[in-house]
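# Residue-level structure breakdown
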Amino acid sequence: MSFRKIFLLAVVALGIAAFFFLDLGRFLSLDYLKQSQTRFEALYAAEPLKVSLAYFALYVVATALSFPGAAIITLAGGAIFGLWWGTLLVSFASSLGATLAFLVSRFVLRDSIEAKFGSRLAEINRGIEKDGAFYLFTLRLIPVVPFFVINLVMGLTKMKAITFYWVSQIGMLAGTLVYVNAGTQLAQIDSLQGILSPALLGSFVLLGVFPLIAKWIVEQVQKRKVYARWASAKPKRFDRNLIVIGAGAGGLVSAYIAAVVKAKVTLVEAHKMGGDCLNYGCVPSKALIKSAKLAHQMRHGETYGLHSTPPTFSFKAVMQRIQDIVRAIEPHDSVERYTGLGVEVLQGHAKLVNPWTVEIRLNDGSTQTLTTRSVVIAAGARPFVPPLPGLEDSGYVTSDTMWEKFGALDEVPKRLVVLGGGPIGCELAQSFARLGSQVTQVEMAPRVMAREDEEVSELARQALLKDGVDVRTGHKALRVEKNSVRPERVLRQAQDDWEDGASTSSARTGGVLVVEHAGAEQRIEFDELLCAVGRSARLTGYGLEELGIPTNKTVETNEYLQTLYPNIYAAGDVAGPYQFTHVAAHQAWYAAVNALFGDFKKFKADYRVIPWATFIDPEVARVGLNEQEAKEQGIAVEVTRYGIDDLDRAIADSEAHGFVKVLTVPGKDTILGVTIVGTHAGDLLAEYVLAMKHGLGLNKILGTIHTYPTLAEANKYAAGEWKRAHAPQRLLAWVGKFHDWRRG
C-alpha cells in the first residue's frame, strides 16, 4: 500500500476514533437536537450565511467519513432552515459527502478487493457498466438501504465518479424532501418512530414502489423504441402463447413447460425430434464408447485374471447397435409423446416474419402462418468445418454425418485422421483406436483438452497414446490433397471391393492431410477424415437477419435470455455460452417461464454451478473453477487432492488411476471447483454439484455416510484430506498430554 493510501486511511481512522472517543455522537442525537433547537434557530436568525455554511461543511464531513447520524442531521436541516432551503443544503451536502466517501473507498480499498475477488467484481462491473446508473438510482430512492454502505460499495466498482454524483443528487432528492419535511415538524416528534405518521408513511410507501414504477416506465419506453418499425404488424389477438423453434433439448423442455402450465404452444422441428444429442451426439457416441471399451477389456483380459483375446466383431453390427439404441430412446422425444402432452408439433422450417408472426414451411410442401405472444429460439448448433483447401472434395465426415457413412462400412476405417483435440475429438479418436483403426489425431494447440489443467491434458494424452492413437499436438492443418495412385492400383482396389461384396458407396475415398509442425510440412495419409474441431450455433435461415436480432457466434441475449425483442428468447447451443445438453435444458426453463410469465416476474439464468464431462477412459469431469482458470482470474485457492489409486473399490475393479482435486477458499471448506479424473468421474461429480449448488462445504461431505466399497468414497476421502490439512495441531498436542495424564 502506498504512503498516500496509508496517510488517507490514518486520517479516516483518526476521525472515526475521535468521533467515538470524544462522544461526538451525542451531538447527533434527537434529544440533543430538540434541546438545542431554539439556540440553533437564534444563531441562524443572527448569522444565516455562516450557520448555513457550517451546517453544510458538517454534513459533508460526517457523510464523507460515514459517521452514523445522517438522518438526524437531515432532520436538523428541516428544523433550522425550513423545507426548501434545508432541502437545498442537504441535497448538495449529502451528494458531495457521499462522493467523497465513494472516492476514499475506491482509492484505499478497491485494489485489495479486486486482488481477492477479481472474477466476482468483474461480473458486477459488467452489470454496472450496463445498468449501473439505474441501479444506483433505485437504491437511492429506497431509504431503508444504508446510505454509507451504498457509498462504500459503489466505490469498489468502475462507475465514474461524476455518474455517481449526479445519480445520487437526483436519486436522493425524494428521500431528502421527506426527511427535511419531518424536520420542520421536529417540535411535534418525540422519537424517530414519530416520523411514521400517516402522511409520512404514505411518502415512504411511495418511495418503495417508485423504483418499480420507474423501471416499468423505462422498460415500456425501451420496448416502444425496439418495436417501432413493427408497430402496425402487432396483432390484437394471438394464435399461440408460445412458439418454439427447434426440438433439441432446449426446445423440448421449453415446449414441455408451456404445456404443463396449460399454455397453447407449437413446437417446430425441420429434421429429427431430439436434435443433435439424440441423433448424432450424446447418445450414439456413448453407445460407441461402450462397445469400444468392451473390445478394449477383451483385448486386456489378463488384467482381470482372464485370457486376453482379440475381439472379433462386425463393424456394421456395432453401428447397427448404436442405431438400435437411438431408436429405443426416440419415443422419449417423439412427436407422439409431445402431442400427448398437449404440444402441437409441426415438422418443417420456421421463419420469423416479425416479432409476433412465424411462417412455417411444412415438410409436406404446405405453408402455415401463426401469431404468438412469445417465441423461444432453440435452433441448436452444427459441426464447424474449417475452410481448409481441398477439404470439401475429400469425402470428410463430421460428428453428425459419420454415423450414416460409417454405418454402411463392413469394416472399421483402417486409417482414420481425427481433426481436433477437444472432447469430441478425443472421445471418438480413442473409441475408433480401440475398435482397430489406425488413428492419427491432429490438434493445432500445444495440448489436447486445452480447457482443462495441464496435468489433466497430459493424462488424457497418455490415455490416448496407450490405446494406440498417434497424438500430434502443435500441428496446424494446411490443406487436403487427393491420393496420387496409379490406375492399376485403383482397378485392383475396385476388384477387391467387388469380391468382398462392398458397394460403391462404401469404397474408401482416402486422401492426404498436409500439416505444418515446427516450420516443416508433414503428410498424413487417411482412408477417412473426421472433422471434430467444435460446433457453431445455427444463426441463419429463420429470420434473425430480417428482424435485426444481433448475433456474435451465438444469438445475443440478456440475463433473462431475451433477445433484442423482449418477447423473443433463445436457449441452448444457439444462445451459449455453454454447449451442453444439460445446460440447454436448464436454460429452457428460464426461457419458457420468462416468456409466459415475464410480465409479472422474470428470472435470471443461473450459471453458477455448471458441470461437464469428457467420456474418454479415464473420464474427466469438472464443475466450477480449475487451477488454470483460478490463476488466470487472480483468484486465491487452496488445492486438496486425493489419488484414486488408494481407493479400495477402484483397486478391486482394476481401475485404480486418476484423482479428485478440490479447490476451496483458503482456510475454509467452501468449494470453488472440482476436477475428477477416473472411472465414472461424471457420476462421482454429482455430489459436488449438489454441494456447490446449495452452499455445502467439505465438512458436510466428510460427515456423510458413503457405502463401502464404492467409488463415491473418493469424494469423502478427498474431504478427509482437506480436514487432515486443517487439523488443530496445538489443540491435539494438549489432547495428547491429557491422555498421557489419564494413563498416570
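Notes on the structure in this doc start here. (Residues numbered from 1 in each chain as written. Predicted model: local features only at pLDDT ≥ 70, side-chain atom pairs only at ≥ 80, totals over all residues. Heavy atoms only, no water.)

This next bit is on the state of the cysteines. Counting across every chain of the model gives 1 disulfide. Here Cys277 connects covalently by a disulfide to Cys282, the sulfurs 2.5 Å from one another. Judged by the torsion about the S-S bond (-130 degrees), the Cys277/Cys282 disulfide is left-handed. (Disulfide = S-S within 2.5 Å.)

By the definition in use, this model includes 15 aromatic pairs. Note on Tyr578 and Trp612: the rings are 6.3 Å apart at their centroids and 35 degrees apart in plane angle, and the pair reads as tilted. One end of the pair, Tyr578, is in the loop between strand E18 (568-570) and helix H20 (581-597); the other, Trp612, is in strand E19 (residues 611-614), with 34 residues separating them in the sequence. Here Trp612 falls in the buried class, since its relative accessible area comes to 10%. Geometrically, the ring pair formed by Phe580 and Trp612 is stacked, given 5.5 Å between the ring centres and 20 degrees between the ring planes. With a gap of 32 residues between them, Phe580 in the loop between E18 and H20 and Trp612 in strand E19 connect regions that are remote in the sequence. Comparing Phe580 with Trp612 shows no difference in burial state: the two are buried. Through a chain of ring-to-ring contacts, three or more aromatic side chains come together here, namely Tyr578, Phe580, Tyr607 and Trp612. Positioned over the ring face of Phe659 is Arg641, at 3.9 Å from the centre of the ring. Above the plane of the ring of Trp734 lies Lys737, whose end atom (NZ or CZ) is 4.7 Å from the centre. (Phe/Tyr/Trp six-rings, centres within 6.5 Å; stacked < 30°, edge-to-face > 60°. Helix = DSSP H or I, 4+ residues; strand = E, 2+ residues; numbered from the N terminus. Buried < 20%, exposed > 50% of the residue type's maximum accessible area, 1.4 Å probe, protein only. Lys NZ or Arg CZ within 6 Å of the ring centre and 35° of its normal.)

With that out of the way, let us pick up helix H3 (residues 48-64). Working note: α-helix, 3.6 residues per turn, so residues spaced by three or four point in the same direction. In a regular helix each residue adds 1.5 Å, so 17 residues correspond to 24 Å; H3 covers 24 Å between its end C-alpha atoms and thus fits that length. What H3 keeps buried is the set Val51, Ser52, Tyr55, Tyr59, Val60, Ala62, Thr63 and Ala64. Following H3 by one or two positions, Ser66 has its phi on the positive side, about 60 degrees. (Expected span 1.5 Å × (residues − 1).)

Attention shifts here to the sheet that holds strand E13 (residues 520-526). One open sheet holds the 3 strands; their spatial order is E11-E12-E13, and the pairing between them is antiparallel. Because the sheet does not close on itself, it has two edges, and the strands there are strand E11 (476-481) and E13. Direction aside, the axes of adjacent strands within the sheet are offset by 25 degrees on average. (Pairing = 2+ DSSP bridges. Axes fitted to C-alpha atoms, helices over the stretch in contact; angles between N-to-C directions.)

All right, on to the environment of Arg608 then. Position of Arg608 among the secondary structure elements: in the loop between H20 and E19. Considering only alpha carbons, one finds Arg608 and Lys693, 85 residues apart in sequence, at a separation of 7.8 Å. A distance of 2.8 Å separates the side chain of Arg608 from the side chain of Asp606, its partner in a polar contact. (Polar contact = N/O pair within 3.5 Å; in protein donor to acceptor, adjacent residues only side chain to side chain.)

It is worth spelling out unusual backbone geometry at this point. Omega for the peptide link from Gly576 to Pro577 comes to 0 degrees, which places this bond in the cis form. Here Pro577 is to be found in the loop between E18 and H20. Geometrically, the link from Tyr708 to Pro709 is a cis peptide bond, its omega value of -10 degrees lying close to zero. Structurally, Pro709 can be placed in the loop between helix H24 (698-702) and helix H25 (713-725). Positioned with a positive phi, Ala518 is a non-glycine residue whose angle comes to about 55 degrees. Among the structural elements, Ala518 can be located in the loop between strand E12 (511-517) and E13.

Leu288, Phe315, Met402, Phe406, Phe432 and Val439 are the most contacted members of the largest nonpolar core, which has 36 residues in total. When residues in this core are grouped by element, the largest group, 5 residues, is from helix H16 (residues 423-434). Every residue in contact with Phe315, bar those within four places of it in the chain, is listed here: Phe406, Leu409, Asp410, Glu411, Val412, Pro413, Phe432 and Leu435. Within the second largest apolar cluster, 28 residues are counted, among which are Ala537, Leu544, Val555 and Val574. (Core = buried A, V, L, I, M, F, W, Y, C linked by side-chain atoms within 4.5 Å. Contact = heavy atoms within 4.5 Å.)

On to the pairing of strand E14 (residues 528-531). The alternating pattern of E14 places Glu528 and Leu530 on one face and Leu529 and Cys531 on the opposite face, and all of these are buried. Here strand E7 (residues 397-398) pairs with E14 via 2 bridges, running parallel. What sits directly across from Val397, in E14, is Leu530. Of the strand pairs in this sheet, strand E8 (residues 415-419) and E14 are connected by 4 bridges, and their pairing is parallel. Paired with Val418 across the strands is Leu530, a residue of E14.

Attention now goes to the sheet that holds strand E23 (residues 671-678). Strand order in the open sheet formed by 5 strands is E19-E20-E23-E22-E21, and the pairing between neighbours is antiparallel. Each of the sheet's edge strands pairs with one partner strand only, and the pair in question is E19 and strand E21 (638-643). On average, each strand axis in the sheet is tilted by 10 degrees relative to the strand beside it, whichever way the strands run. By the bridge criterion, 6 bridges tie strand E22 (residues 659-664) to E23 in an arrangement that is antiparallel. Bridge pairing in E23 places Lys661 opposite Thr675. The strands touched by H25 within the sheet are E21, E22 and E23, with E21 carrying the most contacts at an inclination of about 135 degrees.

So, about the pattern of salt bridges. This structure, assessed with the given rule, holds 32 salt bridges. With its nearest N and O atoms 2.9 Å apart, the salt bridge here joins Arg240 to Glu344. With Arg240 in strand E1 (residues 240-245) and Glu344 in strand E3 (residues 344-354), this residue pair connects regions lying 104 residues apart in the sequence. What makes Glu344 partly exposed here is its relative accessible area of 27%. One salt bridge connects Arg479 with Glu521, and the closest N-O pair in it is separated by 3.1 Å. Of this pair, Arg479 sits in strand E11 while Glu521 is found in strand E13, placing the two residues 42 residues apart along the sequence. Take Arg479: its relative accessible area is 26%, and that puts it in the partly exposed class. Overlapping salt bridges bring together Asp453, Glu455, Glu627, Arg641 and Lys661 as one network. (Salt bridge = Lys/Arg side-chain N within 4 Å of Asp/Glu carboxyl O.)

Two quantities define a packed helix pair, namely the angle between the axes and the distance from one axis to the other. Remark: helix H12 (residues 282-299) packs on H16, axes separated minimally by 8 Å, with the N-to-C direction vectors making an angle of 40 degrees. When the axes of H12 and H16 are compared, the pair comes out oblique. As for how H12 packs across H16, the hand of that crossing is left-handed. Contacts from Ser285, Lys286, Leu288, Ile289, Ala292, Lys293, Ala295, His296 and Arg299 of H12 reach H16 at Glu427, Leu428, Ser431, Phe432 and Arg434. Of the residues that constitute the contact of H12 with H16, the class distribution is 6 nonpolar, 3 polar and 5 charged. (Parallel < 35°, antiparallel > 145°, perpendicular 65-115°, else oblique. Left-handed = near helix turned anticlockwise from the far one by under 90°. Nonpolar A, V, L, I, M, F, W, Y, C, P; charged D, E, K, R; others polar.)

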